[in-house]
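# Breakdown of the fold
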Amino acid sequence: MGDRIDLMPGRLTLPQLRRIAAGSATFALDPSADGPVRAAAALVEQLAHGGGAVYGVTTGFGKLAQTRIAESQLEQLQLNLLRSHAVGVGSPLPDEVIRLILVLKAASLARGYSGVRPETIAQLLAFADHGLLPVVPGKGSVGASGDLAPLAHLSLALIGEGEVRYAGQVMPARTALDAVGLKPLNLGPKEGLALINGTQVSTALALAGLFSAERLLAAALVAGALSVDAARGTDTPFDPRIHQVRGQPGQKVAAEVLRDLLAGSAIRASHADCDRVQDPYCLRCQPQVMGACLDQLASAATRLVAESNAVSDNPLVFAEQGEILSGGNFHAEPVAFAADGIALALAEIGNMSERRTALLVDPVMSFLPAFLVKTPGIDSGFMMAQVTAAALASENKMLAHPASVDTIPTSANQEDHVSMATHAARRLLDMADNVGSIVGIELMAAAQGVDLLAPLKTSPKLTDVHAALREHVAPLDHDRIMAPDIAAAHRFLHRHPFVDLIGGLLDRPEIA
């Protein structure tokens, strides 16, 4: 683990959330949280033994909310809740998502409106600190009443049940707890309900999708700039005056980034006086399209940071007034909308990147050898790589259909409108994986195009990217199996610091 994050409930920032996902931090809860947390827990304890009906504390859940629970069965009620709701299916969620869920849930409970004890919050943060990552199936939540099934699987590990990934191995949760010297948590009144009720899984998945989309947008801007040079396009469309008069913030940033990337290109200087007036839209309109994608991601980031700091379980405890109120903060519609917006951006990043690859392999459009190979005919070059990019771009169009417009009643019609935020956010990981291959293929094609223009060189910044790529993917002199090259380019996109290279995206003051 790396540096420490001091968690101030309600004040998590986007950079902190990035560090949590990356696994580069340990956590300490700000001492100011202790008083409100203890006050809310004390009120729950008082009401649990006061003889009244309090939803989820002295009653059943959902459609069974009218069923009163005997005082002697209150602890069993919370334990049964975790066990009965652990019904998830599908592949386990990735480690970065689990880290986010653990910390987001702890930060939400630490606001002091959920009625849990400090030791419950401490257990969540201890899991994050020790790298104990509960095995959580990815499917089974409709995004209201919170992410019940996945959070139940996560919460079982806190009490020593279920499975945990620790030190790269999957093992029983009790074994992992023993390995790091932690004891299973004993649940207090309302704690099972507070743990499984909330939007933390949807939010963590959407954040993971957001961070991937930001990285891919940066990589696509770099690949797009290299494609401009490979196709001997013009940088005139990136002139700041054009974008200033429109006033869209993302567009202005994208144009600035493209200008900076292309500055000093000998390829550009070599055809400054050519008679080509306009380039195709996939080159010329990059600021407009990529800028709109950036604005979309920025809007989603705002919503997701707000949700990362939210109290989203139910009912809520207002200790100062001595009241417990039942509402609907668990409904993840804001997350679903944000995830749908990220999906649109990912689809468009991939769409435009694929179009640039298609342009480069077409000798009529690019003025380069057909399919970017010196001996077309005997060699097919990048012909089929472009087909792969096209297939993935079209798959993403299907995946980009808004999930938030869907709903289906659950819990015997008690929960009759749901958000579908969880799979709205989960599909972002598949979409990002597709875009990684699409942009990777473009980067390979653009690098090949620049190679074919030698001895002319692209700009200094793009030359550095070209050289870094060539450490992983060799030029295509003759046909070879390209699948390993595409995989290598995909890995390169994931590891190369594209966001830093272009001066950041979502953290820019004109965007944030």
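In what follows, the structure referred to is the one given above.
For the structure given in this document, a descriptive report is provided here. Every value quoted in this text rests on a predicted model; they were computed, and no experiment measured them. (Residues numbered from 1 in each chain as written. Predicted model: local features only at pLDDT ≥ 70, side-chain atom pairs only at ≥ 80, totals over all residues. Heavy atoms only, no water.)

All right, on to the sheet that holds strand β4 (residues 133-134) then. Here three strands make up an open sheet; going across it, the order is β4-β6-β7 and the pairing antiparallel. Each edge of the sheet is formed by a strand with only one pairing partner; in this case those strands are β4 and β7 (169-172). By the bridge criterion, two bridges tie β4 to strand β6 (residues 163-166) in an arrangement that is antiparallel. Across the sheet, the residue bridging to Pro134 is Val164, located in β6. (Pairing = 2+ DSSP bridges. Helix = DSSP H or I, 4+ residues; strand = E, 2+ residues; numbered from the N terminus.)

All right, on to the packing of helix α4 (residues 95-109) against helix α9 (residues 200-230) then. Axis separation between α4 and α9 bottoms out at 8 Å; the angle between their running directions is 130 degrees. In terms of orientation, α4 and α9 fall into the oblique class. The two elements α4 and α9 cross, and the hand of that crossing is right-handed. In this structure, α4 uses Glu96, Val97, Leu100, Ile101, Leu104, Lys105 and Ser108 to contact α9, whose residues at the interface are Gln200, Val201, Thr203, Ala204, Leu205, Leu207 and Ala208. (Axes fitted to C-alpha atoms, helices over the stretch in contact; angles between N-to-C directions. Parallel < 35°, antiparallel > 145°, perpendicular 65-115°, else oblique. Left-handed = near helix turned anticlockwise from the far one by under 90°. Contact = heavy atoms within 4.5 Å.)

Turning our attention to the pattern of salt bridges. Counted under the stated rule, the structure contains 20 salt bridges. In this structure, Arg18 engages Glu214 in a salt bridge whose closest nitrogen and oxygen atoms are separated by 3.1 Å. Remark: Glu214 occurs in helix α9 and Arg18 occurs in helix α1 (residues 14-22); sequence separation between them is 196 residues. For the pair shown, Arg18 and Glu214 are each scored as buried. For the salt bridge of Asp235 with Arg268, the shortest nitrogen-to-oxygen distance reads 3.0 Å. A residue pair is termed long-range when its members are at least 10 positions apart, and Asp235 in the loop between α9 and α10 (240-246) and Arg268 in helix α12 (residues 266-270) qualify at 33 residues. In this structure Asp235 comes out as partly exposed when scored by relative accessible area, which is 29%. (Salt bridge = Lys/Arg side-chain N within 4 Å of Asp/Glu carboxyl O. Buried < 20%, exposed > 50% of the residue type's maximum accessible area, 1.4 Å probe, protein only.)

Along the chain, Ala432 falls in helix α18 (residues 421-452). Note: C-alpha distance between Ala432 and Ile196 (236 residues apart in sequence) is 28 Å.

A few words on the layout of surface pockets. A volume near 700 Å³ is recorded for the largest pocket. When contributions to the lining of the largest pocket are tallied by element, the ones reaching two or more residues are α1, α9, α18, α20 (483-495) and α21 (498-501). (1 Å grid on protein atoms, 1.4 Å probe; cavity = no way out; pocket = protein on both sides within 12 Å on 5 of 7 lines; lining within 4 Å. Points joined across faces, edges and corners; volume = space filled by probe spheres on them.)

Attention now goes to empty space enclosed by the protein. In this structure the tally under the stated criterion is one cavity of 30 Å³ or more. Of the voids in this model, the largest cavity is the one considered here, and its volume is about 50 Å³. In terms of lining residues, the largest cavity is bounded by Phe382, Met444, Gln448, Arg470, Val473, Ala474, Pro475, Leu476, Arg480, Met482 and Asp485. Partitioning the lining of the largest cavity into residue classes produces seven nonpolar, one polar and three charged. (Nonpolar A, V, L, I, M, F, W, Y, C, P; charged D, E, K, R; others polar.)

Moving on, we get to a nonpolar patch on the surface. A contiguous nonpolar patch, built from Met383, Met384 and Val387 and spanning about 250 Å² of accessible area, is present on the exposed surface. With respect to the element layout, Val387 can be found in helix α17 (residues 383-399). (Patch = residues over 30% accessible without salt bridge, like charges linked within 9 Å, V, L, I, M, F, W, Y side chains within 5 Å. Areas by Shrake-Rupley, 256 points an atom, 1.4 Å probe, with all protein chains shown as cover.)

A rise of 1.5 Å per residue sets the reference length of helix α5 (residues 118-130), with its 13 residues, at 18 Å; its end C-alpha atoms lie 18 Å apart and thus fit the reference within 8%. After α5 finishes, the residue Gly131 shows a positive phi value of roughly 70 degrees. (Expected span 1.5 Å × (residues − 1).)

Quick look at the state of the cysteines now. A complete count under the given rule lists zero disulfides for this structure. In this structure Cys282 is not part of a disulfide, and its nearest cysteine sulfur, from Cys285, lies 9.1 Å away. Overall, the relative accessible area of 10% leaves Cys282 in the buried class. (Disulfide = S-S within 2.5 Å.)

Attention now goes to the packing of aromatic side chains. Using the criterion set out here, one finds two aromatic pairs in the structure. On the numbers, 5.5 Å between centres and 55 degrees between planes, the contact of Tyr113 with Phe318 is tilted. Remark: Phe318 occurs in strand β8 (residues 316-318) and Tyr113 occurs in the loop between α4 and α5; sequence separation between them is 205 residues. When its relative accessible area of 31% is taken as the criterion, Tyr113 is described as partly exposed. (Phe/Tyr/Trp six-rings, centres within 6.5 Å; stacked < 30°, edge-to-face > 60°.)

At their nearest, the axes of helix α15 (residues 333-361) and α17 sit 9 Å apart, and the two run at 160 degrees to each other. Considering the angle they form, α15 stands roughly antiparallel to α17. Note that α15 runs across α17; the crossing there is left-handed. The residues of α17 that touch α15, namely those facing Ala347, Gly350, Asn351, Glu354, Arg355, Thr357, Ala358 and Val361, are Gln386, Ala389, Ala390, Ala393, Asn396 and Lys397. A breakdown of the residues in the contact of α15 with α17 according to their chemical character gives six nonpolar, five polar and three charged.

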